[in-house]
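Listed here are the chains, written in short residue letters.
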Amino acid sequence: MTDLILSLDVTDRSEALRIAAAVAPEADAIKVGYPLVLAAGLGIAHDLAELGLPLIADFKVADIPNTNTLICEQVFAAGFSAVIAQGFPGPDSVLACVDAARAAGGECYVVAEMSHPGARTFFSEGVPERLCAIVAETGADGIIAPATRPERVRALREQVGTKKILSPGIGAQGGDPAAIAALVDGMIVGRSIYGAEDPAAAARAYAPYRR
Ligand code: XMP
């Protein structure tokens, strides 16, 4: 099963709700990050949760364990069902997110490697593999890995086994759904859906890649 995850990076509350409602029948989850929450407030999560889809908080949480706990408690209390954390602060910081997720019946994903060109500066030379080891150690649910580099997703699949891989970078960043869908559990798509004239139709175009 390859899910389609709408990345809802718009900064207007009513536009966000309109696009989310239109795309919801074509999608399996909605990912919300700082752009929308800083513009519309954390309460947007409760409104979006009413659509009945899992809601992923892309806050790339990256602090000391205690602060990560406090952040994640707010995330799950707001109605999110999953959180994305950075792994570079170390296993204890990730574990704090995993524990908060579990306490709320939710999930935690760890960024293993990023999709943009500059990511190569630090996400290289075995670092993503070490981050995958933290995922195994902490019991996190899976990783975020770049659709822009299918060969790297293949390599990281070797590391994480059956844990989930959610993959951003499709469409606007150049990633090809035909090349990535079979390798991952979720395709994260933002601009090429929410920026389209007809977001529902744009989302529907990914239907052949949802298994
Ligand atoms: P676009 O518009 O490029 O949006 O389809 C992609 C969404 O995914 C986020 N993103 C990432 N998140 N690791 C992450 O954890 C990544 O490598 C990565 N690349 C993109 C981005 O912030 C946007 O919300």
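Residues numbered from 1 in each chain as written. Predicted model: local features only at pLDDT ≥ 70, side-chain atom pairs only at ≥ 80, totals over all residues. Heavy atoms only, no water.

Under an unreviewed UniProt entry, the name given to the protein chain is Orotidine 5'-phosphate decarboxylase, and the source organism is Methanofollis fontis. Per UniProt, the protein chain carries the Pathway (unreviewed entry) text "Pyrimidine metabolism; UMP biosynthesis via de novo pathway; UMP from orotate: step 2/2." (UniProt positions renumbered as here; feature names shortened; annotations may be inferred.)

Take the site of the ligand next. Near the ligand you find 17 residues, and of these Asp9, Lys31, Met114, Ser115 and Arg191 are the closest. Within the side chain of Ser115, a nitrogen or oxygen atom sits 2.5 Å from a nitrogen atom of the ligand. Within the backbone of Gly190, a nitrogen or oxygen atom sits 2.8 Å from an oxygen atom of the ligand. In the complex, 88% of the free accessible area of the ligand, which totals 510 Å², lies under the protein chains. The pocket occupied by the ligand, as judged from atoms lying within 2 Å of grid points, is the largest pocket. Looking at the shell around the ligand, the elements that each hand over two or more residues are strand S3 (55-61) and strand S8 (186-189). Here the shell around the ligand is built from residues that sort into 7 nonpolar, 4 polar and 6 charged. (Near = heavy atom within 4 Å. Polar contact = N/O pair within 3.5 Å; in protein donor to acceptor, adjacent residues only side chain to side chain. Areas by Shrake-Rupley, 256 points an atom, 1.4 Å probe, with all protein chains shown as cover. 1 Å grid on protein atoms, 1.4 Å probe; cavity = no way out; pocket = protein on both sides within 12 Å on 5 of 7 lines; lining within 4 Å. Sits in = over half its atoms within 2 Å of the grid points. Helix = DSSP H or I, 4+ residues; strand = E, 2+ residues; numbered from the N terminus. Nonpolar A, V, L, I, M, F, W, Y, C, P; charged D, E, K, R; others polar.)

Attention shifts here to the layout of surface pockets. One simple way to see leftover space: roll a probe sized like a water molecule over the atoms. Quantified by volume, the largest pocket comes out at close to 500 Å³. Forming the boundary of the largest pocket are 26 residues, of which Ser7, Asp9, Lys31, Pro168 and Gln173 lie nearest the centre. Sorting elements by how many residues they give to the lining of the largest pocket places helix H9 (residues 191-194) first, with 3 residues. Grouping the constituent residues of the lining of the largest pocket by class yields 12 nonpolar, 8 polar and 6 charged. (Points joined across faces, edges and corners; volume = space filled by probe spheres on them.)

Turning to the UniProt feature "domain: Orotidine 5'-phosphate decarboxylase" (unreviewed entry) in the protein chain, a few remarks are in order. Feature annotation in UniProt assigns "domain: Orotidine 5'-phosphate decarboxylase" (unreviewed entry) to the following positions: residues 3-206. Strand forms 19% of residues 3-206 and helix 43%; the C-alpha atoms that close the span are 10 Å apart.

What follows is about the UniProt feature "active site" (unreviewed entry) in the protein chain. Cross-referencing UniProt, the feature "active site" (unreviewed entry) maps to Asp58, Lys60 and Asp63 in the present numbering. Of the residues annotated just before, the largest pocket has Asp58 and Lys60 among its lining. Within the secondary structure, Asp58 is located in strand S3. By relative accessible area, which is 9% here, Asp58 ends up buried. When its relative accessible area of 35% is taken as the criterion, Asp63 is described as partly exposed. Not counting chain neighbours up to four residues away, the residues in contact with Asp63 comprise Asn68, Pro89 and Ser93. (Buried < 20%, exposed > 50% of the residue type's maximum accessible area, 1.4 Å probe, protein only. Contact = heavy atoms within 4.5 Å.)

A word on the packing of helix H4 (residues 65-77) against helix H5 (residues 91-103). The geometry of H4 relative to H5 is characterised by a closest axis approach of 8 Å and an angle of 25 degrees between their N-to-C directions. Considering their axes alone, H4 and H5 lie roughly parallel with respect to each other. H4 and H5 meet at a crossing whose hand is right-handed. Residues Pro65, Asn68, Thr69, Cys72, Glu73 and Phe76 of H4 form the contact with H5, whose own contacting residues are Asp92, Ser93, Ala96, Cys97, Ala100 and Ala101. A class-by-class count of the residues in the contact of H4 with H5 yields 7 nonpolar, 3 polar and 2 charged. (Axes fitted to C-alpha atoms, helices over the stretch in contact; angles between N-to-C directions. Parallel < 35°, antiparallel > 145°, perpendicular 65-115°, else oblique. Left-handed = near helix turned anticlockwise from the far one by under 90°.)

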